[in-house]
Amino acid sequence: MAVDIVIYHNPECGTSRNTLAMIRNAGIEPHVIEYLKTPPSRALLVELIDRAGITPRDLLREKGTPYAELGLGDDALSDDTLVDAMMAHPVLINRPLVVSPLGVKLCRPSEAVLDLLPDAQQGAFAKEDGEQVVDASGQRIA
């Protein structure tokens, strides 16, 4: 049975690369959307935030973005204002965001994706930094 998984991915991000690799380690080839090149529509972004059970602030990325220059740390800013900022500057969208039949999740840390995969890991997996996440039998290491 084919599994439909979408990852909003940034190939420059190690967490995003690790997440993508774990999806593939489960034998699934996801739809990869490089969201900096092809950002989601405003309606889709709002839907993804809602389905993930998070707030727009939870999805905001600070590091390496115009977060500070735009004054986005101001707690008085509305959710609409934060979404508008992410639409104007997609780099503000944290990653990777994964959509699967089991839900939507911001996969930070990358092993959070394991909760969204209907298929087991097909073998051992270590992150790029060498941290072992899955053992040789495909079981998550606690």
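To keep things clear, this report deals only with the structure shown in the data block.

Rules used throughout
- Residues numbered from 1 in each chain as written.
- Predicted model: local features only at pLDDT ≥ 70, side-chain atom pairs only at ≥ 80, totals over all residues.
- Heavy atoms only, no water.
- Helix = DSSP H or I, 4+ residues; strand = E, 2+ residues; numbered from the N terminus.
- Rg over C-alpha atoms; globule rule 2.2 N^0.38 Å.
- Buried < 20%, exposed > 50% of the residue type's maximum accessible area, 1.4 Å probe, protein only.
- Contact = heavy atoms within 4.5 Å.
- Areas by Shrake-Rupley, 256 points an atom, 1.4 Å probe, with all protein chains shown as cover.
- Lys, Arg positive; Asp, Glu negative; His and termini not counted.
- Charge placed at Lys NZ, Arg CZ, Asp CG, Glu CD.
- Expected span 1.5 Å × (residues − 1).
- Pairing = 2+ DSSP bridges.
- Axes fitted to C-alpha atoms, helices over the stretch in contact; angles between N-to-C directions.

**A closer look at the overall build of the chain**
Reasoning step 1: On a plain count of helices and strands, the chain comes out with four helices and six strands.
Reasoning step 2: Secondary structure elements of the chain occur, N-terminal to C-terminal, as β-α-β-α-α-α-β-β-β-β.
Reasoning step 3: What you see for the chain is a C-alpha radius of gyration of 16 Å, in line with the 14 Å of a compact globule of 142 residues.
Reasoning step 4: By principal-axis analysis of the C-alpha atoms, the chain measures approximately 50 × 30 × 25 Å.
Reasoning step 5: Relative to its 142 residues, the chain shows a buried fraction of 45%.
Reasoning step 6: Restricting the contact set of the chain to residue pairs at least 6 apart, pairs at least 24 apart contribute 58%.
Reasoning step 7: Only carbon and sulfur atoms are counted for the fraction: they give 50% of the accessible area of the chain, which is about 7300 Å².
Reasoning step 8: Counting 13 positive and 21 negative side-chain charges, the chain places the averaged centre of each group 3 Å from the other.

**Structural notes on helix α1 (residues 14–25)**
Reasoning step 1: In a regular helix each residue adds 1.5 Å, so twelve residues correspond to 16 Å; α1 covers 16 Å between its end C-alpha atoms and thus fits that length.
Reasoning step 2: Turning to α1, its buried residues number three or more, namely Thr15, Ser16, Asn18, Thr19, Leu20, Met22, Ile23 and Asn25.
Reasoning step 3: Looking at the buried residues of α1, the elements they touch are β1 (6–9), β2 (31–34), β3 (97–100), β5 (125–126) and β6 (132–134).
Reasoning step 4: Directly beyond the C-terminal end of α1, a positive phi value near 80 degrees is found at glycine 27.

**Regarding the sheet that holds strand β4 (residues 103–106)**
Reasoning step 1: Pairing is mixed in the open sheet, where four strands are placed in the order β2-β1-β3-β4. Since the sheet does not close on itself, it has two edges, and those belong to β2 and β4, each with one partner. Across the sheet, the axes of successive neighbouring strands diverge by a mean angle of 15 degrees, strand direction being ignored.
Reasoning step 2: As judged from the three bridges shared by β1 and β3, these two strands associate in the antiparallel manner. Looking at the pairing, tyrosine 8 lines up with leucine 97 of β3.
Reasoning step 3: The strands that α1 touches are β1, β2 and β3; relative to β1, the one it contacts most, it runs at about 160 degrees.

Take it as geometry only, folks, not as evidence of what the structure does.
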